[in-house]
Amino acid sequence: MAKSTDQELRFHDRVDAGRRLAEHLMAYRAENPLVVALARGGVVVGEEVARALGAPLEVMVARKLGAPGQPELGVGAIAPGVRVVDERAVRELGISAKQLEWITAAETEEMERRQRRYRGDRREIEASDRTVILVDDGLATGVTARAAIHALRRQRPRRIVFAAPVCASETAERLRSEVDEVVCVAAPRHFGAVGSWYADFEQTTDDEVLKILSRSPREDRPRPAVSSPSRVDDLVEACGRLARPLESLGDLDPLMEQIGDARYVLLGEASHGTSDYYVWRARISQRLIQEKGFSFIAVEGDWPDCFQVNRYVQGRPDVGGNAQAVLRGFTRWPTWMWGNWEVVALAEWLRRHNASRPEQRRVGFYGLDVYSLWDSLDAVLRYLERVDGHALEAARRAYQCFEPYGGEGEAYARARVALVPASCEQEVVAMLTELRRSVPAPGAGAREAHFAAEQNALVVRDAESYYQAMVRGGEASWNVRDRHMVDTLERIMRFHGPQARAIVWEHNTHVGDARATDMAQAGMLNVGQLVRERHAREGVVLVGFSSHHGSVIAGAEWESPMQRMRVPPGRPGSWEDVLHRTGRPRALFPLGGDEAHADAFMDVRPHRAIGVVYDPDRERGNYVPTVLPRRYDALIYLDETHALHPLPLEPRPDGEPPETFPWGM
């Protein structure tokens, strides 16, 4: 979503605005989209978008519900079959239920009159199972847009994109949780009114709407759904043609070519306890680092623990005699996720690789997650005790604020939700401000230590928000967490300089674009989606992982002892089942080409996702409905996979790793 307050982004009129908006939507041309324009001004803009995309144009009428005596003050909106009400505004203005019903009845009558006139006897274009681009001439409060979105949802489209030439930035940000993407040419913070962004903002008439609709292309015949189920045998055959063998490092060549000059490579996994996923991610990372100069690996782990690994692989003093000792520092459940022999092998390889490189070009290892509130706060205190007594006072105040909750983010959040005066937000912000004012000592090591301390302070700030959202429930905590991970990734990129290139290790549910799953309908976004949206021009490659059967390390419930569990065969009809039937024991599937975007691959099929808590006998809920080529740019399929090799929390008496270590490195 483009954001700018540049005066040159003002539009001559709605035609000019529509043409410029269409330039930002050309990526959707290949999806055979339907353009739905909000009457009346949005229809002029929508015509230009539909023409540029070669798409049919439909019209929708949504009406604002104005307050009694103040019709310009919206307290809600209606669209066909939907009413959205701002309950807070209704209460504050003292609007009774009867008054609201009168307003709704009057606006409904006008909405239906316009809808009948615009459509006449023409059949409404089918929106189910397709990408719908909802267009208006501007987004101010967003109340009518929300009503229209809810009305569209009833038709079960595959994806909804809201698009407008100009959007109030805060409104656009809020709307992103309700659609798959928000596209704006301009999104100023100081918005004013929609009309102030146009030299000519003359009101559009009903006659103009009718003229536009009469000359716009339509679909008079039913359109087959893009994701309609195909014969499984045909899909199996198509997958077999697309598969590339995967036996050795050299077999990764097609993936290396696909990555090219991309700056972001995100590597997924279908569980947090599968050895094969870690081994193949390590092999891919090894080639990216050696051949393409990637700068660091960032993982779904806590910043303080991962930073100790970073210090070890970069050869910093006083970290630990070997990677095993450092990785035993991962004591928060699930300990096996990073405390395992597969990561030991990776860390030792990184250390050897870095040993011959200048300090400023050593490859890093960082954690992106938000869980380490207490450990991060403690790390800030220890840093400031060494370097800045003035900033230390602010950190101590933050520490004292959280101390009554025993370092438990959930306990703090429950107190906040229960309206106990428990907010530590001001103390955290003060700590971060004072830390940023302190100046790091010269030298790469001191600069890195200051960067780590600032990141720990940011973790505390975002963890405070995360735990509050988690206790309240819903999808908000997921979104807070994934936004934090992407913001952290971007900070690491800036730290490593303008030529930096990033490798990310996270679960498929974070790496695969959420818009290609049912996560989007639940208002959830994720790391893969955000990195694509923010950095598409710099090159982003998302790689998913999948397997059909095998074994895994997981827990029967949260914080229960880890177990080696069986992974049963993939569900019939799932992507795992389809890929198993190709007969390939291991394969790389490039999903970026035209062949992978043929109708057969556009099926919405279940795709397995195993978490740290797992029950093999209740597997049905462990699948995410997925359009595979839209979720990933490539998929690595391993028919049978094997459980991870966790480190013991205490070292073995002989200090030796299990036999056959270091797998794959």
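Residues numbered from 1 in each chain as written. Predicted model: local features only at pLDDT ≥ 70, side-chain atom pairs only at ≥ 80, totals over all residues. Heavy atoms only, no water.

## Comments concerning the nonpolar core
At step 1: By size, the foremost hydrophobic cluster in this structure holds 55 residues, and its most contacted members are Leu255, Ile259, Ile284, Ile297, Leu350, Phe365 and Trp505.
At step 2: Residues contacting Ile297, with those up to four places away along its chain left out, are Ser285, Ile289, Leu346, Leu350, Gly364, Phe365, Tyr366, Ile503 and Trp505. (Core = buried A, V, L, I, M, F, W, Y, C linked by side-chain atoms within 4.5 Å. Buried < 20%, exposed > 50% of the residue type's maximum accessible area, 1.4 Å probe, protein only. Contact = heavy atoms within 4.5 Å.)

## What to know about the state of the cysteines
At step 1: Enumeration according to the criterion identifies 1 disulfide in this entry.
At step 2: Disulfide pairing is shown between Cys167 and Cys184; the S-S distance is 2.1 Å. One quick way to see it: the torsion about the S-S bond of Cys167 and Cys184 is about -95 degrees, and its sign makes the bridge left-handed. Of this pair, Cys167 sits in the loop between strand E7 (159–166) and helix H6 (169–175) while Cys184 sits in strand E8 (residues 181–186); the two residues are 17 residues apart in sequence, bridging distant segments of the chain.
At step 3: Classification of Cys167 as buried rests on a relative accessible area of 0%. (Disulfide = S-S within 2.5 Å. Helix = DSSP H or I, 4+ residues; strand = E, 2+ residues; numbered from the N terminus.)

## A few points about helix H1 (residues 14–23)
At step 1: Within the sequence span of H1, burial applies to Arg14, Ala17, Gly18, Leu21 and Ala22. Taken around the axis of H1, the buried residues stretch over an arc of 135 degrees, which confines them to a single face. Away from its buried face by more than 90 degrees, H1 exposes Arg19 and Glu23.
At step 2: Taken together, the buried residues of H1 touch helix H2 (41–53), strand E6 (131–135), E7 and E8. (Arc of directions from axis to C-beta.)

## Observations regarding the sheet that holds E7
At step 1: Taken in spatial order, the 5 strands make up an open sheet running E2-E1-E6-E7-E8, and their pairing is parallel. On the outer flanks of this sheet lie strand E2 (57–60) and E8, each paired with one strand and no other. Ignoring strand direction, the axes of neighbouring strands in this sheet form an average angle of 25 degrees. (Pairing = 2+ DSSP bridges. Axes fitted to C-alpha atoms, helices over the stretch in contact; angles between N-to-C directions.)

## A look at the pattern of salt bridges
Between side chains of opposite charge, a pair can form when the charged atoms approach closely.
At step 1: Applying the stated criterion across every chain, the model contains 43 salt bridges.
At step 2: A salt bridge links Arg88 to Glu92, with the nearest nitrogen and oxygen atoms 3.1 Å apart. With a gap of 4 residues between them, Arg88 and Glu92 both fall in helix H3 (residues 87–92), about one helical turn apart.
At step 3: The class for Arg88 is exposed, based on a relative accessible area of 58%.
At step 4: Glu173 is the partner of Arg483 in a salt bridge, and the nearest nitrogen-oxygen pair spans 3.4 Å. A residue pair is termed long-range when its members are at least 10 positions apart, and Arg483 in helix H19 (residues 476–496) and Glu173 in helix H6 qualify at 310 residues.
At step 5: Residue classification places Arg483 among the partly exposed residues on the basis of a relative accessible area of 23%.
At step 6: One continuous salt-bridge network, built from bridges that share partners, spans Glu173, Arg176, Glu181, Arg483, Asp513, Arg515, Arg532, Glu533 and Asp633. (Salt bridge = Lys/Arg side-chain N within 4 Å of Asp/Glu carboxyl O.)

## Looking at the packing of H19 against helix H21 (residues 527–535)
At step 1: Where H19 meets H21, the axes come as close as 9 Å, and the angle between the chain directions of the two elements is 45 degrees. On the basis of their axis angle, the class for H19 and H21 is oblique. As for how H19 packs across H21, the hand of that crossing is right-handed. Taking contact as the criterion, the partners of Asp482, Arg483, Met485, Val486, Asp487, Leu489 and Glu490 in H19 are, on H21, Val527, Leu530, Val531, Arg534 and His535. (Parallel < 35°, antiparallel > 145°, perpendicular 65-115°, else oblique. Left-handed = near helix turned anticlockwise from the far one by under 90°.)

## A look at the sheet that holds strand E3 (residues 63–67)
Backbone hydrogen bonds hold the strands of a sheet together, and the pairing may be parallel or antiparallel.
At step 1: The 3 strands are arranged E3-E4-E5 in an open sheet whose pairing can be described as antiparallel. Here the strands that pair on one side only, and so sit at the sheet edges, are E3 and strand E5 (82–85). Sheet twist, expressed as the mean angle between neighbouring strand axes with direction ignored, is 40 degrees.
At step 2: Bridge count between E3 and strand E4 (residues 70–79): 5 bridges; the pairing is antiparallel. Following the sheet pairing, Leu65 is matched in E4 by Gly76.
At step 3: Contacts from helix H4 (residues 97–119) reach E3, E4 and E5, with the element oriented near 150 degrees to E3.
At step 4: Relative to E4, helix H5 (residues 143–153) is tilted by about 10 degrees, and along the sheet it contacts E3, E4 and E5.

## Describing the confidence of the model for the protein chain
At step 1: For the protein chain, the mean per-residue pLDDT works out to 85, and 86% of the residues sit at or above 70.
At step 2: The low-confidence segment residues 1–7, where pLDDT is below 50, has 21 contacts with residues more than four positions distant or belonging to other chains.
At step 3: Across residues 412–422, confidence stays below pLDDT 50; counting only partners more than four residues off in sequence or on other chains, it has 23 contacts. (pLDDT = per-residue confidence, 0-100.)

## Structural notes on the pairing of strand E10 (residues 264–267)
At step 1: Side chains of E10 alternate between two faces, with Tyr264 and Leu266 and Val265 and Leu267 buried alike.
At step 2: As defined by bridge partners, E10 adjoins strand E13 (residues 502–505) across 4 bridges and the pair is classed as parallel. Residue pairing for E13: Val265 is matched across the bridge by Ile503.
At step 3: One ladder, built from 4 bridges, connects E10 with strand E14 (residues 540–555); its direction is parallel.

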